[in-house]
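# Descriptive structure summary
So you can see what is in the structure, the chains are spelled out below.
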Amino acid sequence: MFPQIWGVIFLFTPTVFSELFKDPELLAGFYQGDIKAHPIRTRNGIVNQIYHWPNRTVPYMIEDDAFADSHYREILRAISIIEENSCVIFKPATEMDFPMALVITSKGLGCNTVHLGYRNKTQVVNLEIYPLGEGCFRIGSIIHELLHVLGFEHQHVSQNRDQYVSIQWKNINPQYNINFVNNDNSTAWHDFDEGYDYESVMHYVPRAFSRNGQPTIVPLREGAENMGQRFYMSEKDIRKLNKMYRCPDHV
Ligand SMILES: [Zn+2]
């Protein structure tokens with residue numbers, strides 16, 4: 001059904017491979033590691049409502065036989081965390097919902113999302129099987145992919161990022177430079193007046209796509225202790241989501 005997902009080819013040096021292997025959001029072959037389609041971006045949230053899920057509702061289908069019960073429940077737990085912190089709803093898809101539904105599968109490599117936001121076509125998230133708490137099955141990694149689904153881009157490519165982080169180009173494996181590009185002047189993305197967020201579950205780790213083990217993203221200000229965390233939605237993540245989806249009781 002989604003043949004483009006399964007054809008991933010990745011060629012790493014042993015060093016890069018071991019770095020990336022620790023963080024399956026950073027697998028090669030995808031734009032910014034875990035997004036398959038090239039978006040436009042400036043800050044990190046889509047403003048245009050045509051890219052928001054209608055009625056704040058994401059019809060989803062967790063693919064049959066893709067997950068053990070424990071992993072299935074962990075996906076539902078990530079969904080619950082988003083629902084409890086916003087007015088966004090995930091509901092099991094019916095036939096009527098397709099093709100505009102989210103399919104969650106484990107058949108591809110790494111953790112990734114095909115599109116950013118609602119694109120009037122089937123959305124797909126891949127969560128490669130890892131033990132619970134590791135790789136794609138860190139609760140924050142699942143939430144991260146679901147926030148891509150809802151319309152969020154990576155924090156470190158927001159247009160104002162150079163005030164907050166210094167990108168260490170010399171340490172980036174050159175073939176992955178595009179994952180740090182930040183040159184789009186579109187106004188279609190916004191920070192919802194929440195500002196830069198080191199703690200965002202959408203921020204990359206300090207050594208993302210490093211070629212030599214040295215940092216690629218160096219924070220320039222205080223408060224970056226949890227940069228790249230994949231444990232929880234930050235307070236700003238929650239507020240941005242609620243502003244994006246105009247959740248009346250949550251903003
Ligand atoms: Zn991502």
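As a starting point, this report considers the structure included with it. Note that this is a predicted model, so its numbers are computed, not measured.

Conventions adopted
- Residues numbered from 1 in each chain as written.
- Predicted model: local features only at pLDDT ≥ 70, side-chain atom pairs only at ≥ 80, totals over all residues.
- Heavy atoms only, no water.
- Helix = DSSP H or I, 4+ residues; strand = E, 2+ residues; numbered from the N terminus.
- Buried < 20%, exposed > 50% of the residue type's maximum accessible area, 1.4 Å probe, protein only.
- Areas by Shrake-Rupley, 256 points an atom, 1.4 Å probe, with all protein chains shown as cover.
- Contact = heavy atoms within 4.5 Å.
- Polar contact = N/O pair within 3.5 Å; in protein donor to acceptor, adjacent residues only side chain to side chain.
- Disulfide = S-S within 2.5 Å.
- Pairing = 2+ DSSP bridges.
- Phe/Tyr/Trp six-rings, centres within 6.5 Å; stacked < 30°, edge-to-face > 60°.
- Lys NZ or Arg CZ within 6 Å of the ring centre and 35° of its normal.
- Axes fitted to C-alpha atoms, helices over the stretch in contact; angles between N-to-C directions.
- Salt bridge = Lys/Arg side-chain N within 4 Å of Asp/Glu carboxyl O.

On a plain count of helices and strands, the chain comes out with five helices and nine strands. Traced from its N-terminal end to its C-terminal end, the chain shows the element sequence α-α-β-β-α-β-β-β-β-α-β-β-β-α. In the chain, which comprises 251 residues, the proportion classed as buried is 56%. Accessible surface computed for the chain: about 11,200 Å², of which carbon and sulfur atoms make up 52%.

Here we come to the environment of Gln-123. Here Gln-123 shows up in strand β6 (residues 123–127). A sequence separation of 19 residues divides Gln-123 from Ile-104, and the C-alpha atoms of the two residues are 8.6 Å apart. In this structure Gln-123 touches Trp-53, Ala-101, Leu-102, Val-103, Thr-113, Val-114, His-115, Leu-116, Gly-117 and Val-149, once residues within four positions along its chain are discounted. A distance of 3.5 Å separates a polar side-chain atom of Gln-123 from the backbone oxygen of Gly-117.

On inspection of all chains with the given rule, the structure shows two disulfides. Here Cys-87 engages in a disulfide with Cys-247; their sulfurs sit 2.1 Å apart. Measuring handedness by torsion sign, the sulfur bridge of Cys-87 and Cys-247 sits at about -75° and is left-handed. With Cys-87 in the loop between α3 (69–84) and β3 (89–92) and Cys-247 in the segment after α5 (235–244), this residue pair connects regions lying 160 residues apart in the sequence. Going through the chain in sequence order and numbering each bonded cysteine, the pairs you get are 1-4, 2-3.

Before going further, it helps to spend a moment on the pairing of β3. The sheet contact formed by strand β2 (residues 57–62) and β3 spans four bridges and is parallel. Among the inter-strand pairings, Val-58 is bridged to a residue of β3, identified as Phe-90.

The final tally for this structure, using the stated rule, is nine aromatic pairs. Look at Trp-169 and Phe-180: their rings are 6.2 Å apart centre to centre, the planes differ by 75°, and that puts the pair in the edge-to-face class. You can see Trp-169 sitting in the loop between β7 (165–167) and β8 (189–190) and its partner Phe-180 sitting in the loop between β7 and β8, a full eleven residues away along the chain. Judged by relative accessible area, which is 41%, Trp-169 ranks as partly exposed. Taking 6.2 Å as the distance between ring centres and 85° as the angle between the ring planes, the aromatic pair formed by Phe-180 and Phe-209 counts as edge-to-face. Placement of the pair is Phe-180 in the loop between β7 and β8 and Phe-209 in the loop between β8 and β9 (217–219), with a sequence separation of 29 residues. The class for Phe-180 is buried, based on a relative accessible area of 0%. Among the residues examined, Phe-209 registers a relative accessible area of 1% and is labelled buried. By the ring-pair criterion, three or more aromatic residues cluster together here, those being Trp-169, Tyr-176, Phe-180, Tyr-204 and Phe-209. Taking NZ or CZ as reference, Arg-119 lies 4.0 Å from the ring centre of Tyr-51, over its face. The residue whose ring lies beneath Arg-221 is Tyr-164, and the NZ or CZ to ring-centre distance is 4.2 Å.

Now for the sheet that holds strand β5 (residues 111–113). An order of β3-β2-β4-β6-β5 is seen for the five strands of this open sheet, with the pairing classed as mixed. The sheet is open, and its two edges are formed by β3 and β5, each paired on a single side. Each adjacent strand pair in this sheet contributes to an overall mean axis angle of 25°, direction not counted. Lying on the sheet, α3 is in contact with β2, β3, β4 (102–105) and β6; it crosses β2 at an angle near 175°.

With the rule as written, the count across this model stands at nine salt bridges. The shortest N-O distance in the salt bridge between Arg-77 and Glu-74 comes to 2.9 Å. With Arg-77 and Glu-74 both in helix α3 and three residues apart, this pair spans about one turn of that helix. On the basis of relative accessibility, which here comes to 11%, the residue Glu-74 falls in the buried class. Between Asp-97 and Lys-91 there is a salt bridge, with its nearest N and O atoms 3.2 Å apart. We classify Asp-97 as buried; its relative accessible area is 16%. A residue is classified by how much of its surface remains accessible, and Lys-91, at 31% relative accessible area, is partly exposed.

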